[in-house]
Amino acid sequence: MAQVKIIAPQTREAEHLRVAAYCRVSSDSKDQLHSYAAQIRNYTEEIAQHDGWELVDVYADEGLTGTRMDRREDFNRMMADCRKGKIDRILVKSVSRFARNTRDCLSALRELSTMGVSVRFEKENIDTKTLTTELMVSVSGSLAQQESISISANQKMSYQRRMERGEFITCTAPYGYRIVNKKDLEIVPEEAATVRWIFDAYLKGRSSGWIAEQLTAKGIPSQSGAECWRETGIRYLLTNEKYIGDALSQKSYSCGFPFVQKRNHGERLQYYTENSHPAIIDRDTFERVQALLQKKAQKEKKRREKSPLALKIVCGNCGTVFQRRSSQSGYVTWVCRTHDRHAADCPVGRIPETEIHAAFLRMYHRLKSNADIILAPALRQLNTLDTILRQNHPQLLTINRAIAEATEESHKISTLRANGLLDADICAARMNAISARLAQLRGERRRLTENETIDETMDALRKVEQTLLNGPERLDGFDEELFEHLVEKIIAESQTRIRFRLYGGLELTEQWEVAAR
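Residues numbered from 1 in each chain as written. Predicted model: local features only at pLDDT ≥ 70, side-chain atom pairs only at ≥ 80, totals over all residues. Heavy atoms only, no water.

**Student:** I'd like to hear about the overall build of the chain, residue by residue, with values.
**Tutor:** Per the secondary structure count, the chain includes 16 helices and 18 strands. A total of 517 residues make up the chain; the buried ones form 41% of that total. Sequence separation of 24 or more characterises 62% of the internal contacts of the chain that already satisfy a separation of 6 or more. (Helix = DSSP H or I, 4+ residues; strand = E, 2+ residues; numbered from the N terminus. Buried < 20%, exposed > 50% of the residue type's maximum accessible area, 1.4 Å probe, protein only. Contact = heavy atoms within 4.5 Å.)

What follows is the structure in structure tokens.
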């Protein structure tokens, strides 16, 4: 009789997956903060309850457009973590939350697929683990793209008609103003005083850089709430016609898809409305500032017309920046300023420009031929160090939950105020406290998830690698554009030896024999 052996069923352990979630609240959402907090909370709980799933992080972009991926900080952080092998699976509510641009959507999904990372879209019930779903994603992405284009077209038409009637001032109030009744500008007294001080300081000969430094030192927050003022922001403020009570509409316009914002240089109609709102600066002061800005711009234009080597070469002996010298015959050299003033103070003499150009060509060809040997090991070592530093951060989950709770509290306070159940002053005080708390929490999260120096170095080295990859095999002459993209600094060790420091910190030395003239 045949012997029958019973084999007991085996209980398989749940597949261990490192899971992340991505959520985004579109800028046109009526319940933005609540939806944002709810998505973070739901995904955190779902992943925590799923057997075999380990939560990596909840990546959340608040109030940003889905049509451009390069404007979404946490999306880009998530993609970077996937490239480092930290994520196996991503959960997303819908394709439109992931992207409203078919090209970028598919590009990201294909890259994730090559890395072995699957994406599940809850609303469309699409899982990229199934190979045939790329077509479904393409269709859903196309529909989301058309929806985004339609919404944008309707909004543009509404703005255009308001501009024609002189009713449209701005979507965002400039520093010194706030929007009231959803369309009118009202002066903020304390900010207006700062605006007047900026105009006055500039007319007294202070530079926009000095003004930015003074405002930062005084701890005066900028329009965005940032502690640090920028020179570019001061220059924009000084040219803004809204400070004299006028409004120039359609300074920029969006085109194409994904929507690209372009400065309007006459390609579209513009509408100038005089006395549309209260002025902070009188017209005479404003016009005098514009004349001074134009005068300085002309001087700056002349200074820009210079060699790409300017300010790039420093003396390896005394640290002084080299300057350019040209003889009447057209022979160009670069010399240490210390040596030029008194040769005995620094031994590093003049270097012919032709030798620097030739050294760059040799360095480029050597790097182009040996990029795998020179660049790849450096990138691997940095990546390993970055992974070690990022490990073991249990505080991230706590911080994400705290961010969700704070944003939900903000929504509740707004609801109470809208229903007349909370005093305006109390509401403002609570909202300010929550905003400060959110800024602190997000700062803590950035410090935990970003090793800024290493990240910047790795990004710089990758750009160098990409520049080399796209560059020509051979250079027949000095290429200014390639030089600008590759070389951060040149250290002159002697008249016949220089060291090229590439972006990312990599240094390569070139030397030559002294040529008789």
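Okay, back to it.
**Student:** Please provide a residue-by-residue account of helix α7 (residues 208-217), values included.
**Tutor:** Turning to α7, its buried residues are Ser208, Gly209, Ile211, Ala212 and Leu215. Viewed end-on, α7 has its buried residues packed into an arc of 160 degrees, placing them on one side of the element. For α7, the exposed residues set more than 90 degrees away from the buried face come down to Glu213 and Ala217. Turning to α7, the residues buried within the fold contact α6 (189-203) and α8 (231-238). Once α7 finishes, glycine 219 follows within two positions and takes phi at roughly 75 degrees, a positive value. (Arc of directions from axis to C-beta.)

**Student:** Pulling in residues and values, what's your account of the nonpolar core?
**Tutor:** With 35 residues, the main nonpolar core has Phe322, Phe360, Val487, Ile490, Ile498, Phe500 and Leu502 as its most contacted residues. Elements with a contribution of two residues or more to this core: β12 (313-315), β14 (332-336), α11 (353-369), α12 (371-390), α15 (452-470), α16 (480-486), β16 (487-494) and β17 (497-502). Ranked by the residues each element gives to this core, the list is headed by α11, at seven residues. Beyond its immediate chain neighbours, meaning those up to four positions away, phenylalanine 322 contacts Ile313, Val314, Cys315, Trp334, Val335, Cys336, Arg337, Val348, Gly349, Ile351 and Ala492. Grouped together as the second largest cluster of nonpolar side chains are 24 residues, Phe199, Ala212, Trp229 and Ile244 included. (Core = buried A, V, L, I, M, F, W, Y, C linked by side-chain atoms within 4.5 Å.)

**Student:** Outline the sheet that holds β14, listing residues and values.
**Tutor:** Ordered in space as β13-β14-β15, the three strands form an open sheet in which the pairing is antiparallel. With one partner strand each, in any of the chains shown, β13 (322-326) and β15 (351-352) form the two edges of the open sheet. Pairing of β13 with β14 involves five bridges; the strand directions are antiparallel. Within β14, the position partnered with glutamine 323 by the bridge is valine 335. (Pairing = 2+ DSSP bridges.)

**Student:** Quick one: what's the story with the side chain of aspartate 57, residue by residue and with numbers?
**Tutor:** Summarising the element assignment, aspartate 57 is placed in strand β2 (residues 53-62). Residue classification places aspartate 57 among the buried positions, given a relative accessible area of 3%. Polar contacts involving the side chain of aspartate 57 include one to the side chain of arginine 77, which spans 3.1 Å. (Polar contact = N/O pair within 3.5 Å; in protein donor to acceptor, adjacent residues only side chain to side chain.)

**Student:** Can you explain the pairing of strand β18 (residues 507-511)? Please cite residues and give values.
**Tutor:** The two faces of β18 differ: Leu508 and Glu510 on one face are buried, but Glu507, Thr509 and Gln511 on the other face are not. Here β17 pairs with β18 via five bridges, running antiparallel. Looking at β18, one finds that phenylalanine 500 is bridged to leucine 508. The loop that links β17 with its antiparallel partner β18 comprises four residues; one of these, glycine 504, has a positive phi angle of about 105 degrees.

**Student:** Describe the pairing of strand β4 (residues 118-121), listing the residues and the values that go with them.
**Tutor:** Here strand β3 (residues 89-92) runs beside β4; their pairing, made up of four bridges, is parallel. Within the sheet, the bridge partner assigned to valine 92 lies in β4 and is phenylalanine 121. Sheet topology note: the β4/strand β5 (residues 126-127) ladder contains two bridges and is antiparallel. Following the sheet pairing, arginine 120 is matched in β5 by aspartate 127. Adjacent in sequence and paired antiparallel, β4 and β5 are bridged by four residues, among which asparagine 125 carries a positive phi angle near 55 degrees.

**Student:** Now, about the packing of aromatic side chains: what can you tell me, with residues and values included?
**Tutor:** Enumeration according to the criterion identifies 12 aromatic pairs in this entry. Judged by centre distance (6.1 Å) and plane angle (25 degrees), the ring pair of tyrosine 177 and tyrosine 243 falls under stacked. Residue tyrosine 177 is located in strand β6 (residues 177-180), and its partner tyrosine 243 is located in the loop between α8 and β8 (247-249); the two are separated by 66 residues in the primary sequence. The exposure class assigned to tyrosine 243 is buried, which follows from its relative accessible area of 1%. Where phenylalanine 199 meets tyrosine 243, the ring centres are 6.1 Å apart and the plane angle is 70 degrees; that geometry is what we call edge-to-face. Note that phenylalanine 199 is positioned in helix α6 and tyrosine 243 in the loop between α8 and β8, a separation of 44 residues in sequence. (Phe/Tyr/Trp six-rings, centres within 6.5 Å; stacked < 30°, edge-to-face > 60°.)

**Student:** So what's going on with α6? Residues and values would help.
**Tutor:** With 15 residues, α6 ought to run about 21 Å at 1.5 Å a step, and its terminal C-alpha atoms sit 21 Å apart, in line with that. The complete set of buried residues in α6 reads Ala192, Thr194, Val195, Ile198, Phe199, Ala201 and Tyr202. (Expected span 1.5 Å × (residues − 1).)

**Student:** Hey, could you go over the pattern of salt bridges for me, with residue numbers and the actual values?
**Tutor:** Inspection of every chain in the model, using the stated rule, returns 23 salt bridges. With a shortest N-O distance of 2.8 Å, arginine 283 and aspartate 246 are connected by a salt bridge. Residue arginine 283 is located in helix α9 (residues 283-304), and its partner aspartate 246 is located in the loop between α8 and β8; the two are separated by 37 residues in the primary sequence. (Salt bridge = Lys/Arg side-chain N within 4 Å of Asp/Glu carboxyl O.)

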